[in-house]
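The lines below spell out each chain.
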Amino acid sequence: MRAGIGYDVHRMAKERKLILGGVEIPYEKGLLGHSDADVLVHAVMDALLGAAALGDIGKHFPDSDNRYKGISSLKLLGHVALLLEEKHYTIENIDATIIAQKPKMAVYIDKMRENIADVLGIDIGQVNIKATTEEGLGFTGAGEGISSLAICSLK
């Protein structure tokens, strides 16, 4: 059994879509980044890569590479799934938290779980996603950004 942890954060920006777990969430701002800036999927990828000792998303998908400009993070997650398969790892579970003051995430979480499970070829019951605020504290509490933390286990 191997465990990995992942963390990602992106700044909020106008004229960007807010995409988390592959779900476009209607909101006045989105996340700024080279790809679609999906902090949830980025944290999950880093957790998976870390558990397999395969580096991080910056190593595999550098923001200096135009092939990844605007790309769906779910496509990148699919590549991570192939890397794990090549090394004969199976995913036991993923647990992730989205940290954002706004918008509320509850109605989107099941679709996020489904998207991640589908791309990874695992059961939705192996993916847990939670959301929390920081009670108005820090950059996420001020609405300046959104972060996500994920942990996973591989066999």
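So, a few notes on the structure that sits alongside this text. (Residues numbered from 1 in each chain as written. Predicted model: local features only at pLDDT ≥ 70, side-chain atom pairs only at ≥ 80, totals over all residues. Heavy atoms only, no water.)

## Things to note about helix 1 (residues 39-51)
Taking 1.5 Å of rise per residue, 13 residues should cover 18 Å, and helix 1 covers 18 Å from first to last C-alpha, within 8% of that figure. Burial runs high along helix 1: 12 of the 13 residues are buried. Those residues of helix 1 lying buried are Val-39, Leu-40, Val-41, His-42, Ala-43, Val-44, Met-45, Asp-46, Ala-47, Leu-48, Leu-49 and Ala-51. Note on helix 1: the residue one or two positions beyond its end, Ala-53, has a positive phi of about 55°. (Helix = DSSP H or I, 4+ residues; strand = E, 2+ residues; numbered from the N terminus. Expected span 1.5 Å × (residues − 1). Buried < 20%, exposed > 50% of the residue type's maximum accessible area, 1.4 Å probe, protein only.)

## Quick notes on the packing of helix 1 against helix 4 (residues 109-120)
One way to put it is that helix 1 packs onto helix 4 with a least axis distance of 12 Å and a crossing angle of 40°. As the angle between them shows, helix 1 and helix 4 are arranged oblique. The hand of the helix 1/helix 4 crossing is right-handed. Contacts between helix 1 and helix 4 involve Leu-40, Val-41, Val-44 and Leu-48 on the former and, on the latter, Met-112, Ile-116 and Leu-120. Grouping the amino acids of the contact of helix 1 with helix 4 by side-chain chemistry returns 7 nonpolar, no polar and no charged. (Axes fitted to C-alpha atoms, helices over the stretch in contact; angles between N-to-C directions. Parallel < 35°, antiparallel > 145°, perpendicular 65-115°, else oblique. Left-handed = near helix turned anticlockwise from the far one by under 90°. Contact = heavy atoms within 4.5 Å. Nonpolar A, V, L, I, M, F, W, Y, C, P; charged D, E, K, R; others polar.)

## A closer look at the nonpolar core
Grouped together as the largest cluster of nonpolar side chains are 48 residues, with contacts concentrated most on Leu-20, Leu-48, Met-112 and Ile-116. If you tally residues by element for this core, the top one is helix 1, at 10 residues. If near-sequence neighbours (up to four positions away) are discounted, Met-112 is found in contact with Leu-20, Gly-21, Val-23, Ile-25, Leu-40, Ile-98, Met-105 and Ile-129. (Core = buried A, V, L, I, M, F, W, Y, C linked by side-chain atoms within 4.5 Å.)

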